[in-house]
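Chains, contacts and geometry: an overview
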Amino acid sequence: MTVRGRFAPSPTGDLHQGSLLAALGSWLSARGQGGHWLVRIDDIDPPREVAGASQRILASLQRLGLVSDRPVLFQSQRRPAYDQAFAALREENLVFPCWCSRQLLASQGGMHRDGRCLIGPQSDRAPAWRARTPDEVLHFHDRILGPQQVDLRQNVGDFVVRRVEGYDSYQLATVVDDAWQGVSEVVRGADLLSSTPRQWLLQRWL
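Since the structure is predicted, the reported quantities are computational estimates derived from the model, not experimental observations. (Residues numbered from 1 in each chain as written. Predicted model: local features only at pLDDT ≥ 70, side-chain atom pairs only at ≥ 80, totals over all residues. Heavy atoms only, no water.)

Describing the overall build of the protein
The condition is simple: Helix and strand labels come from DSSP, where a helix needs a run of H or I of at least four residues and a strand needs a run of E of at least two; each type is numbered from the N terminus. For the radius of gyration, the atoms used are the C-alpha atoms, and the globule rule reads 2.2 Å times the number of residues raised to 0.38. Only protein chains enter the accessibility calculation, which uses a 1.4 Å probe; a residue whose area is less than 20% of its type maximum is buried, one above 50% is exposed, and one in between is partly exposed. The contact rule is simple, with two residues in contact once any of their heavy atoms fall within 4.5 Å. Under the counting rule used here, the positive set is Lys and Arg, the negative set is Asp and Glu, and His together with the chain ends is not counted. Taken as the charge location is NZ of Lys, CZ of Arg, CG of Asp or CD of Glu.
When you go through the protein residue by residue, the secondary structure sums to seven helices and eight strands. The globule rule puts the C-alpha radius of gyration for 206 residues at 17 Å, and the 18 Å found for the protein is close to it. For the protein, the spread of C-alpha atoms along the three principal axes comes to 50 × 40 × 30 Å. Here the protein, with 206 residues, has 44% of them falling under the buried criterion. Taking as baseline every contact in the protein between residues at least 6 positions apart, the subset at least 24 positions apart corresponds to 74%. Distance between charge centroids for the protein: 1 Å, based on 24 positive and 22 negative side chains.

Following this line, the structure appears as structure tokens:
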């Protein structure tokens, strides 16, 4: 299989050193294996998007010679695909509506567990939708950090796949687009290691 890597910045501002390091690392890894390198703009969070940031990010990458081997994909144009994935998750009862606030969850240790909302339907506001995270341990190997072990119930919990505002979560959109683009490896900052079990679970379900 041809290696296919990607760099997927969010247009919440200009590229910083950490982002550039991730971009260069993913580009070098793909190129070193004779593979392809893609750029995707993760513009699915309009309230946090900075005007003109997408264009400046792409211009910065081009100046550095980091040019996508395929047309740049904008996630804002992919909503029908996310709707289809979300509908499939609902059909299999793998997600549930939740009205729990951040304040409530903070009083519960900050984690939502066991696949049910703690307070039930609220008529005055829309729910978020969370994954019914199973009670199991996930093992995977990170090429840099080595073997990883994650207790999904204790350390991940029921994470959001569609927000109260109706926006799709980073986790869901990333999984859908990585599959659609044939991405075979992801090089990113260690601060995003915690996304791996969430995305692995969605990959398995979808």
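Examining helix H7 (residues 195-205)
Among the residues of H7, Ser195, Pro197, Arg198, Gln199, Leu201 and Leu202 are the ones counted as buried. Along its buried surface, H7 packs onto helix H3 (79-91), strand S6 (137-142), strand S7 (146-151), helix H5 (152-156), strand S8 (160-162) and helix H6 (170-180).

Points about the side chain of Thr174
Cut-off, in case you're wondering: Here a polar contact means two N or O atoms within 3.5 Å. Within protein one must be a hydrogen donor candidate and the other an acceptor candidate, and residues neighboring in sequence count only if both atoms are side-chain atoms.
Mapped onto the secondary structure, Thr174 falls in helix H6. One polar contact links the side chain of Thr174 to the main-chain carbonyl oxygen of Tyr170, over a distance of 2.9 Å. When sequence neighbours within four positions are dropped, the list of residues in contact with Thr174 reads Arg6, Arg40, Asp42, Gln75 and Gln199.

Re the pattern of salt bridges
The line we're drawing: Salt bridge, as used here: a side-chain nitrogen of Lys or Arg that lies within 4 Å of a carboxyl oxygen of Asp or Glu.
Under the defined criterion, the tally for this structure stands at 16 salt bridges. Between Asp178 and Arg6 there is a salt bridge, and its shortest N-O distance comes to 3.0 Å. In this pair, Asp178 is assigned in helix H6 and Arg6 in strand S1 (residues 4-7), connecting sequence segments 172 residues apart.

Section: the side chain of Ser54
Mapped onto the fold, Ser54 is located in helix H2 (residues 53-63). Setting aside its immediate chain neighbours within four residues, Ser54 contacts Pro11, Ile41, Glu49 and Phe74.

Things to note about the packing of H3 against H6
Spelled out, the test is: Note on definitions: angles span 0 to 180 degrees between N-to-C directions of axes, and those axes are lines fitted to C-alpha atoms, for helices only across the stretch in contact. By definition in this entry, angles of less than 35 degrees are roughly parallel, angles greater than 145 are roughly antiparallel, angles of 65 to 115 are roughly perpendicular, and the rest are oblique.
Direction vectors running N to C along H3 and H6 enclose 105°, while the axes themselves pass 10 Å from each other. The orientation of H3 with respect to H6, classified from their angle, is roughly perpendicular. Across from Ala81, Tyr82, Ala85, Phe86 and Leu89 in H3, the residues of H6 making contact are Leu172, Ala173, Val176 and Asp177.

Remarks on the nonpolar core
Under the convention used in this document: Nonpolar cores were defined as sets of buried Ala, Val, Leu, Ile, Met, Phe, Trp, Tyr and Cys residues, with membership established by side-chain atoms within 4.5 Å.
Counting residues in each nonpolar core, the largest one holds 23 residues, and the members touching the most others are Phe159, Val161, Leu172 and Leu202. Of all elements in the fold, only H3, strand S5 (128-131), S6, H5, H6 and H7 reach the threshold of two or more residues within this core. Membership of the second largest hydrophobic core comes to 11 residues, among which are Leu15, Ala30, Leu61 and Leu66.

Regarding the sheet that holds S8
Cut-off, in case you're wondering: Should DSSP find at least two bridges between two strands, the strands are regarded as paired.
Taking strand neighbours across the sheet as the criterion, the three strands line up as S4-S5-S8 in an open arrangement whose pairing is antiparallel. At either end of the open sheet lies a strand with only one pairing partner, and these are strand S4 (95-98) and S8. Here the strands of the sheet are splayed against their neighbours by 45° on average, with no regard to which way each runs. Here four bridges tie S4 to S5, and the two strands are oriented antiparallel to one another. Residue pairing for S5: Pro97 is matched across the bridge by Trp129.

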